[in-house]
Amino acid sequence: MGDILIVDDERDIRELIGDILRDEGHTPRLAGTSDAAMAEINKEPPELLILDIWLKDSQMDGIDILKTVKRDNPEVPIVIISGHGNIEIAVAAIKQGAYDFIEKPFNIDQLMVVITRAMEASRLRRENIALKRQDVQSAEMLGASAAFKTLKSQLDKVTASNGRVMLTGPAGAGKETAARFVHAGSPRAQAPFVTVSSASIAPERMEEVLFGRETPERGVESGLLEQAHGGFLYFDEVADMPSGTQSKILRVLTDQQFTRVGGVDKVRVDIRVISSTNRDLEAEVAAGRFRQELYHRLNVVPVSVPSLEERREDIPMLAEHFVAVLNREQGLPLRPISEEAQALLQTMPWPGNVRQLKNVIERVLILGPEREAITAEELPQPEQKSEGDGRMVLAGGLATLPLREAREMFEREYLLTQINRFGGNISRTASFVGMERSALHRKLKSLNVVTSNKSGARIAHVDGEAEAAE
């Protein structure tokens, strides 16, 4: 049933407890000294530790072992037993992380109740962590555009390694989803994924949140670094990390150890770090706001996460995915998306990227009818609005231009939007707009519209040099 380590310098007591546990179906291991106990723990951490406070002929007492185990294997529940029990010792043990304290001579039935409860609490914690990890692993990377395929190819290459990854891209583009994708495909997939939200933690609390703290009143409180032990630590928007914390994180990355706030013991951790930013970190370094050494430590494998503007082909797929997710998680209507609505979604501006797209879909599902397809009229249309008689209200700038210039501006913007909607594919654009491919090429040349590669995709833009020459 359970692997339980019994540490007691009295042979009769440890063998008695071992026999009882064996009769209950557990697998006991016995140790009479601190050296023997630490050897057993280092060989394989037990599911439960029964620990005597006073150990004769040992370098460490029970409290020392308790501190060490809770530092290196915090998930192991520890039951303290002692023949010299008093309130002070019991309180000290509980503050250091012991599950319970039992005074010798103890009642066997009482001990078994405590052991059963401790193992049940440990099991529930493990199941809770496992459920959270399943949610992480279910995070999907969706897309079929060239920009998305380039991103996924880069992420696939870094999943198996232990290298640090720096994800760059605009807010809302999906940098955390990319980080979780790396975690789910890595050898550490069953270990924790812990997020450090650099922008939302007050600078004066950052070190306490990261490193944890030790106080006489509350004992040891583990920080995010300890919680991520064995797994991933994700620095979200790392440019917002306070400068004082940056130097300490640099030391952690170098030594893989740190000291809690208020503590003196070194805490060792094994973590893989992924960072993200929507800023130009090289410019931040040049301005003195980000440590150059830390930048180089974190930027081992740089990966660019494209904006939604760069992967417009993926918008219908993402929108349908969000409809399904919101139906499953919130019970919102499972509505199809009309072709006109899909086309409008692909041509809309998305400064908030994928996050903004999900918000738009959620708003439409909340406010719209339950069974009908989502229509273009339900979507935000900030720039141009139709009047009741079918007329289109022109944007102010367009209305002030002569017809020839207004037509040229409209054609340029319309074709730029359509080409980017189809991922730079001129043939698909020509088919949609109803032009021969050769005629479309001539029109684009006359409008100074060109395409170039960006993030693995073809992006249409105005040729500034050609316009200047005119």
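Cut-offs used in this document
- Residues numbered from 1 in each chain as written.
- Predicted model: local features only at pLDDT ≥ 70, side-chain atom pairs only at ≥ 80, totals over all residues.
- Heavy atoms only, no water.
- Helix = DSSP H or I, 4+ residues; strand = E, 2+ residues; numbered from the N terminus.
- Expected span 1.5 Å × (residues − 1).
- Buried < 20%, exposed > 50% of the residue type's maximum accessible area, 1.4 Å probe, protein only.
- Contact = heavy atoms within 4.5 Å.
- Arc of directions from axis to C-beta.
- Pairing = 2+ DSSP bridges.
- Axes fitted to C-alpha atoms, helices over the stretch in contact; angles between N-to-C directions.

*Asks:* Where do I start with helix α13 (residues 315-330) in this structure?
*Replies:* In an α-helix, one turn spans 3.6 residues; hence positions three or four apart end up facing the same way. Here α13 contains 16 residues, and its C-alpha end-to-end distance of 21 Å stays within 8% of the 22 Å for a straight helix at 1.5 Å per residue. Among the residues making up α13, those that are buried are I315, P316, L318, A319, F322, V323, V325 and L326. Buried residues in α13 make contact with α14 (339-347) and α15 (353-367). One or two positions beyond α13, positive phi appears at G331, with a value near 75°.

*Asks:* What is the right way to read helix α2 (residues 34-43) from this model?
*Replies:* The set of residues buried in α2 consists of S34, A37, M38, E40 and I41. The buried residues of α2 occupy one face: seen down the axis, they fall within an arc of 160°. Across α2 from its buried face, at more than 90 degrees, point the exposed residues N42 and K43. Against the buried residues of α2 lie β1 (3-7), β2 (27-31), β3 (48-52) and α3 (62-72).

*Asks:* Could you clarify how one ought to interpret the sheet that holds strand β10 (residues 232-236) in this entry?
*Replies:* The strands making up a sheet are joined through hydrogen bonds of the backbone, oriented either antiparallel or parallel. Taken together, 5 strands build an open sheet; the order of strands is β7-β10-β13-β6-β14 and the sheet is parallel. Looking at which strands have only one partner, the edges of the open sheet turn out to be β7 (193-197) and β14 (301-304). Between one strand axis and the next, the sheet turns through 20° on average, direction left out of account. Summarising the sheet, strand β6 (residues 165-168) and strand β13 (residues 272-277) pair through 4 bridges and their orientation is parallel. Each bridged residue has a counterpart across the sheet, and for V165 the counterpart in β13 is I274. Across the sheet, helix α7 (residues 175-184) is in contact with β6, β7, β10 and β13; its angle to β7 comes to roughly 155°.

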